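Fold and contact review
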Amino acid sequence: MTRQSLIGLVFGLFALLGLSTIAAAQDATALPPLPNVIDARVTIAPERARLVVDLADRTAFSFVSLDDPRRLAIDVRAGTFSVPEPEGDLADDGLVSAYAIEQAGADRVRTTLTLAGPAQVQQAYVLDAFEDQPARLVVDIIPATEEEFAANVERDLAASETVVPAASTPAGGSELPIATRPLVVIDPGHGGIDSGAETADGVKEKDIVLAFSLRLQELLVESGRFDVALTREDDSYLRLEERVDLARANKADLFISIHADSFQQPEIRGASVYTRDENATDVLDKVLADNENASDVIAGFAMPQTMAPEVVGILLDLMRREMRVQSYMAAQSIVHQLEPSVALRRFPVRQADFFVLQAPDVPSVLVELGFLSNANDTANLMQSDWRDRTAEAIARGISTYFDSLEEEL
């Protein structure tokens with residue numbers, strides 16, 4: 001080989017190597033880097049557990065049920081993890097007794113939950129980063145029968161040859177089947193000549209809660225699990241007793257009233273969920289209830305002195321005990337799903353004497369989305385991404401509430 005041909009060969013190899021390096025670099029830039037798992041935590045209760053995985057960015061996930069011993073393994077597509085406490089034991093009275101986090105592969109971080117008994121995933125979903133919160137994977141776990149757990153293990157084993165990422169459980173959906181299609185009646189507060197709370201620049205509660213209620217209805221209908229009705233679908237006025245009567249006449253399985261009030265202390269902010277009690281949780285709760293109950297008079301419609309026997313029965317009965325229990329269960333389920341998604345008031349499950357929660361035969365809750373007297377809450381209430389995130393959380397809460405009723409049957 002001549003010197004010239006050798007030099008040509010060397011330059012050719014360098015050129016080929018350079019092209020390969022450029023191609024590899026282009027391939028590397030074509031694919032986004034795998035995110036880091038920042039943190040993970042498990043919260044437990046006798047009948048429920050939740051895994052929350054903090055992520056540097058949205059990513060795919062999957063989960064499988066494993067036996068001998070009973071475990072749930074949750075994988076996220078991630079290149080690294082920096083969890084401060086990657087393993088630990090939990091209290092003895094919960095669904096999960098221990099957890100461990102490991103790098104299960106170059107592109108997988110696995111969280112293994114050791115179960116105290118048979119359990120199953122109720123729903124799993126990824127939340128986008130918002131405000132100061134990172135992206136998160138949320139996995140809710142509830143008890144299962146021995147037969148259900150064994151069936152899940154068998155199903156996951158059969159699918160192990162072709163593992164595909166799990167899809168986020170849609171808002172209002174569930175990993176569990178439901179036997180019926182419950183009727184949910186959504187009540188957008190105020191309307192017509194009753195604007196409700198209002199900001200100095202003209203933002204009206206009646207408009208905020210109607211837009212939110214329509215979005216919540218859309219999500220629940222899309223889930224395919226519910227029949228949904230609204231007490232009003234436009235800017236019309238309804239008396240409080242008419243709202244209650246609509247829910248009762250249609251034999252609603254859940255009545256949920258949507259509000260966004262104001263208060264003279266502008267620092268008060270955050271969402272909360274109310275059930276009915278003649279004794280308000282605190283002074284603010286009593287003021288809110290009194291203001292809502294007076295809305296008929298404010299709007300120019302005095303409450304009738306002689307009420308229909310049915311309405312008198314509602315007032316005297318003050319909700320039957322079973323409806324109180326179910327209403328509280330619904331409120332807890334909704335707050336549990338709101339927790340990772342929005343700012344909440346301290347002690348967000350609250351009680352007050354709201355008229356619209358008086359139906360003795362319909363579980364009823366009132367959701368305060370936030371306060372129009374608070375600048376941060378008002379800004380959130382005006383944003384479509386906040387509305388969507390909050391409506392999705394409430395839809396999940398409604399779904400988990402009905403799941404819990406199915407478990408009791």
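These figures come from a predicted structure and were not determined experimentally. (Residues numbered from 1 in each chain as written. Predicted model: local features only at pLDDT ≥ 70, side-chain atom pairs only at ≥ 80, totals over all residues. Heavy atoms only, no water.)

1. Regarding the pattern of salt bridges
Where charged atoms from two side chains of opposite charge come close, those side chains can pair. All told, the structure shown has 18 salt bridges when counted by the stated rule. A salt bridge links Arg 181 to Asp 227, with the nearest nitrogen and oxygen atoms 3.1 Å apart. With Arg 181 in the loop between helix 2 (146-159) and strand 11 (183-188) and Asp 227 in strand 12 (residues 227-230), the pair connects residues that are 46 residues apart, well separated along the chain. The partner of Asp 388 in a salt bridge is Arg 387, with the nearest N and O atoms 4.0 Å apart. Classification of Arg 387 as partly exposed rests on a relative accessible area of 26%. If you follow the salt bridges from partner to partner, you end up with Arg 215, Glu 218, Arg 387 and Asp 388 in one network. (Salt bridge = Lys/Arg side-chain N within 4 Å of Asp/Glu carboxyl O. Helix = DSSP H or I, 4+ residues; strand = E, 2+ residues; numbered from the N terminus. Buried < 20%, exposed > 50% of the residue type's maximum accessible area, 1.4 Å probe, protein only.)

2. Considering empty space enclosed by the protein
Gaps left between atoms show up when a probe the size of a water molecule is rolled over them. If you walk through the whole model with that rule in mind, you get 3 cavities of 30 Å³ or more. Volume-wise, the second largest cavity comes out at about 40 Å³. Along its surface, the second largest cavity is lined by Arg 269, Gly 270, Ala 271, Val 342, Ala 343, Leu 369, Asp 377, Asn 380 and Trp 386. When the residues that make up the lining of the second largest cavity are grouped by side-chain class, the tally is 5 nonpolar, 2 polar and 2 charged. (1 Å grid on protein atoms, 1.4 Å probe; cavity = no way out; pocket = protein on both sides within 12 Å on 5 of 7 lines; lining within 4 Å. Points joined across faces, edges and corners; volume = space filled by probe spheres on them. Nonpolar A, V, L, I, M, F, W, Y, C, P; charged D, E, K, R; others polar.)

3. Describing the pairing of strand 2 (residues 48-55)
Most of strand 2 sits out of view: 8 of its 8 residues are buried. Here strand 1 (residues 36-45) runs beside strand 2; their pairing, made up of 8 bridges, is antiparallel. Its bridge partner lying in strand 2, Val 42 is registered against Leu 51. Of the strand pairs in this sheet, strand 2 and strand 10 (residues 135-143) are connected by 7 bridges, and their pairing is antiparallel. When the bridges of strand 10 are listed, Val 53 appears paired with Leu 137. (Pairing = 2+ DSSP bridges.)

4. Describing the side chain of Thr 199
Position of Thr 199 among the secondary structure elements: in the loop between strand 11 and helix 3 (205-223). Taking the relative accessible area as the measure of exposure, Thr 199 reaches 13% and is therefore buried. Leaving out residues up to four positions away in the same chain, Thr 199 has contacts with Leu 372 and Thr 378. (Contact = heavy atoms within 4.5 Å.)

5. Looking at the side chain of Asp 75
Following the sequence through the fold, Asp 75 ends up in strand 4 (residues 71-77). Of the residues examined, Asp 75 reaches a relative accessible area of 9% and is grouped as buried. Reaching out from Asp 75, the side chain makes a polar contact with the side chain of Arg 108 at a distance of 3.1 Å. Side chain to side chain, Asp 75 and Arg 110 meet in a polar contact 2.7 Å long. Other than its neighbours up to four places away in sequence, Asp 75 contacts Ala 60, Phe 61, Ser 62, Arg 108, Val 109 and Arg 110. (Polar contact = N/O pair within 3.5 Å; in protein donor to acceptor, adjacent residues only side chain to side chain.)

6. Some remarks on the sheet that holds strand 14 (residues 271-276)
A sheet is described by the order of its strands in space; here 6 strands give the open sequence 12-11-13-16-14-15, paired in mixed fashion. Of all the strands in the sheet, the pair left with one neighbour each is strand 12 and strand 15 (344-352). The mean angle between the axes of side-by-side strands here comes to 20°, regardless of whether they run parallel or antiparallel. With 3 bridges joining them, strand 14 and strand 16 (residues 364-368) adopt antiparallel strand pairing. Following the sheet pairing, Val 273 is matched in strand 16 by Val 367. Seen against the sheet, helix 3 touches strand 11, strand 12 and strand 13 (254-259) and runs at an angle of roughly 165° to strand 11. (Axes fitted to C-alpha atoms, helices over the stretch in contact; angles between N-to-C directions.)

7. Quick look at the confidence of the model for the protein
For the protein, the mean per-residue pLDDT works out to 85, and 80% of the residues sit at or above 70. Counted against residues more than four places away or in other chains, residues 1-29, with its pLDDT under 50, gives 2 contacts. Segment residues 296-303: pLDDT under 50, and 17 contacts once partners within four positions in sequence are set aside and those in other chains are kept. (pLDDT = per-residue confidence, 0-100.)

8. Notes on the environment of Leu 113
Here Leu 113 lies in strand 8 (residues 108-115). A sequence separation of 16 residues divides Leu 113 from Ser 97, and the C-alpha atoms of the two residues are 7.6 Å apart. The residues touching Leu 113, leaving out its near neighbours within four places in the chain, are Val 42, Leu 51, Arg 70, Arg 71, Leu 72, Ile 74, Val 96, Ala 98, Tyr 99 and Ile 141.

9. Considering a negative patch on the surface
On the surface, a cluster of negative charge is contributed by Glu 47, Glu 147, Glu 148 and Glu 407. Among the secondary structure elements, Glu 148 is positioned in helix 2. (Patch = residues over 30% accessible without salt bridge, like charges linked within 9 Å, V, L, I, M, F, W, Y side chains within 5 Å. Areas by Shrake-Rupley, 256 points an atom, 1.4 Å probe, with all protein chains shown as cover. Lys, Arg positive; Asp, Glu negative; His and termini not counted. Charge placed at Lys NZ, Arg CZ, Asp CG, Glu CD.)

10. A look at the sheet that holds strand 5 (residues 80-81)
With respect to topology, 5 strands assemble into an open sheet ordered 5-1-2-10-9, the strand pairing being mixed. The outermost strands of the open sheet, each flanked by one partner alone, are strand 5 and strand 9 (119-127). Relative to strand 2, helix 8 (residues 321-338) is tilted by about 20°, and along the sheet it contacts strand 2, strand 9 and strand 10.

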